[in-house]
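Given next are the chains, with one letter for each unit.
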Amino acid sequence: MTRTPVTVTVTGAAGQIGYALLFRIASGHLLGADVPVRLRLLEIPQAVKAAEGTAMELDDCAFPLLSGIDIFDDATAAFEGTNVALLVGARPRTKGMERGDLLEANGGIFKPQGEAINAGAADDVKVLVVGNPANTNALIAQSHAPDVPAERFTAMTRLDHNRALAQLSKKAGVSVADIKKMTIWGNHSATQYPDVFHAEIGGKNAAETVNDQAWLENDFIPTVAKRGAAIIEARGASSAASAASAAIDHVHTWVNGTADGDWTSMAVVSDGSYGVPEGLISSFPVTTEDGKWEIVQGLEIDDFSRARIDASVNELAEERDAVRKLGLI
Ligand code: NAD
Ligand code: LMR
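Residues numbered from 1 in each chain as written. Chains lettered and ligands numbered in written order. Predicted model: local features only at pLDDT ≥ 70, side-chain atom pairs only at ≥ 80, totals over all residues. Heavy atoms only, no water.

- Labelled according to an unreviewed UniProt entry, the protein chain appears under the name Malate dehydrogenase, originating from Actinomadura nitritigenes.
- In the Sequence similarities (unreviewed entry) part of its UniProt record, the protein chain is described as follows: "Belongs to the LDH/MDH superfamily. MDH type 2 family." (UniProt positions renumbered as here; feature names shortened; annotations may be inferred.)

And the structure:
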């Protein structure tokens, strides 16, 4: 093997998403079937032993692309030289916890991780935040990494994007592969807006093809937006394999590019496009090429979509104001 391995840091490595994610990274699905990877796993001290167990299993898979695994309970060490940082570990909301408590608890995680990325990550580092509240956690980490270009910090709405593809494909009786230009706008929360008005099915406008506004409003949008809660209700635990798969898709698309005539959804730092206040990390339709993303410009937004985008963006602004008040950004 002649290529230099790419260093991938995964936080929360002993958690359920970590367990579904690491084996796919090591088998080449994150970056490509010819790209060797070196894993750096970050866990809290109490979970290091479990992460060691996962590392033993990774060894036992004898993945040809896996060139090493190191485990840390210290963020500075874990992000040393990292090219791709997957920030999965977060404090889950527990009984009696208010949203503000969750933002504060996660600030305690994402502030030092942002600082550690700033201090030691590779110059080309790309960061994906999965841990919730993902958009605002990404904002916290990014604001503590002043030497890293802001556009390298992203948050995951690819799971929502994939959920939207799945729902639309069932309704239209087509394969997900026939659907292009799906968009998730806003926050990875129940206020998100899955938008089919610019999507296409077999090259034709998806909303016109489906032609069922009641389904769109009363079924599709709430089903996608509340899917995370529905999975928790059904499984007794939050989505894990689908979240890991979406994280793989997010980074793979960022690194390898979107297909011609298609785009994806990523939560990225706003430049003010579509009236989203500059600096918020909000989901947009984006194209990617050569490891860089660009927000798709010039889409017409009607009143129906405008109201929904604004509601989700307002929630992001509230979260930003809350973490600002807590001194986290
Ligand atoms: P989990 O509780 O199974 O695992 C989380 C892991 O993170 C644990 O092993 C924990 O020890 C670790 N951890 C906690 N603090 C840490 C820190 N400071 N540094 C390193 N590791 C730390 O949770 P999970 O099911 O794997 O989910 C992880 C996160 O992903 C949650 O916040 C969840 O809500 C979120 N999530 C996001 C999406 C999305 O689409 N953006 C989808 C599903 C889940
Ligand atoms: C999901 O979308 O499945 C998760 O973000 C749900 C959650 O709250 O962990």
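Next, the rest of the story.
### With respect to the nonpolar core
So, step 1. Formed by 66 residues in total, the largest nonpolar core has its most connected members in Ile117, Leu168 and Phe220.
So, step 2. Here this core takes 6 residues from helix H11 (residues 303–325), the largest share from any one element.
So, step 3. Leu21, Val35, Ala247 and Ile248 belong to the second largest nonpolar core, which has 32 residues in total. (Core = buried A, V, L, I, M, F, W, Y, C linked by side-chain atoms within 4.5 Å. Buried < 20%, exposed > 50% of the residue type's maximum accessible area, 1.4 Å probe, protein only. Helix = DSSP H or I, 4+ residues; strand = E, 2+ residues; numbered from the N terminus.)

### A few points about the site of ligand 2
So, step 1. The local shell around ligand 2 consists of Asn132, Arg163, His188, Gly228, Ile232, Ser238 and Ser239.
So, step 2. Within the side chain of asparagine 132, an N or O atom sits 2.8 Å from an oxygen atom of ligand 2.
So, step 3. Contact between ligand 2 and arginine 163: an oxygen atom at 2.7 Å from a side-chain N or O atom of the residue.
So, step 4. For ligand 2, the accessible surface in isolation is 270 Å², of which the surrounding protein chains cover 72%.
So, step 5. Of all the cavities here, the one that holds ligand 2 is the largest pocket.
So, step 6. Partitioned by chemical class, the residues of the shell around ligand 2 number 1 nonpolar, 5 polar and 1 charged. (Near = heavy atom within 4 Å. Polar contact = N/O pair within 3.5 Å; in protein donor to acceptor, adjacent residues only side chain to side chain. Areas by Shrake-Rupley, 256 points an atom, 1.4 Å probe, with all protein chains shown as cover. 1 Å grid on protein atoms, 1.4 Å probe; cavity = no way out; pocket = protein on both sides within 12 Å on 5 of 7 lines; lining within 4 Å. Sits in = over half its atoms within 2 Å of the grid points. Nonpolar A, V, L, I, M, F, W, Y, C, P; charged D, E, K, R; others polar.)

### Quick word on helix H2 (residues 48–60)
So, step 1. Helix length check: H2, at 13 residues, gives a terminal C-alpha distance of 18 Å against a target of 18 Å (1.5 Å per residue), a fit within 8%.
So, step 2. Each element contacted by the buried residues of H2 is listed here: helix H1 (16–26), strand E2 (37–42) and strand E3 (66–72).
So, step 3. The first or second residue beyond H2 is alanine 62, which carries a positive phi of 50°. (Expected span 1.5 Å × (residues − 1). Contact = heavy atoms within 4.5 Å.)

### Points about the packing of helix H5 (residues 134–143) against H11
So, step 1. Contact pair H5 / H11: the axes reach a minimum separation of 10 Å and the direction vectors enclose 45°. In terms of their interaxial angle, H5 and H11 are classed as oblique. Two packed elements cross with a definite hand, and for H5 against H11 that hand is right-handed. Contact residues: Asn135, Thr136, Leu139 and Ile140 in H5; Leu316, Glu319, Arg320 and Val323 in H11.
So, step 2. For the contact of H5 with H11, a count of residues per class yields 4 nonpolar, 2 polar and 2 charged. (Axes fitted to C-alpha atoms, helices over the stretch in contact; angles between N-to-C directions. Parallel < 35°, antiparallel > 145°, perpendicular 65-115°, else oblique. Left-handed = near helix turned anticlockwise from the far one by under 90°.)

### Remarks on the packing of H1 against helix H10 (residues 241–256)
So, step 1. The interhelical angle for the contact between H1 and H10, taken along N-to-C directions, is 40°, at an axis separation of 8 Å. When the axis of H1 is compared with that of H10, the two are oblique. As H1 runs across H10, the sense of the crossing is right-handed. Touching Ile17, Ala20, Leu21, Arg24 and Ile25 of H1 are Ala241, Ala243, Ala244, Ser245, Ala247 and Ile248, all from H10.
So, step 2. When the residues that make up the contact of H1 with H10 are grouped by side-chain class, the tally is 9 nonpolar, 1 polar and 1 charged.

### Observations regarding the pairing of strand E4 (residues 84–87)
So, step 1. Here E4 shows a buried face lined by Val84 and Leu86 and a second buried face lined by Ala85 and Leu87.
So, step 2. Taken together, the 4 bridges between strand E1 (residues 6–11) and E4 define a ladder with parallel strand orientation. Bridged to valine 10 within E4 is leucine 86.
So, step 3. Bridge count for E4 against strand E5 (residues 126–129) is 4 bridges, and the pairing is parallel. From the neighbouring strand, valine 84 faces E5, where its bridge partner is lysine 126.
So, step 4. The parallel pair E4 and E5, bridged by helix H4 (residues 99–120), forms a crossover whose chirality is right-handed. (Pairing = 2+ DSSP bridges. Right-handed = clockwise from strand over helix to strand, strands pointing away.)

### Some points on the layout of surface pockets
So, step 1. Put simply, the largest pocket is a space of about 1,400 Å³.
So, step 2. Along the walls of the largest pocket sit 45 residues, with Ala90, Pro92, Gly131, Asn132 and Ser238 positioned nearest its centre.
So, step 3. Secondary structure elements with two or more residues in the lining of the largest pocket: H1, H4, helix H6 (158–172) and helix H9 (227–235).
So, step 4. For the lining of the largest pocket, the leading source of residues is H4, giving 6 residues.
So, step 5. Partitioned by chemical class, the residues of the lining of the largest pocket number 20 nonpolar, 16 polar and 9 charged. (Points joined across faces, edges and corners; volume = space filled by probe spheres on them.)

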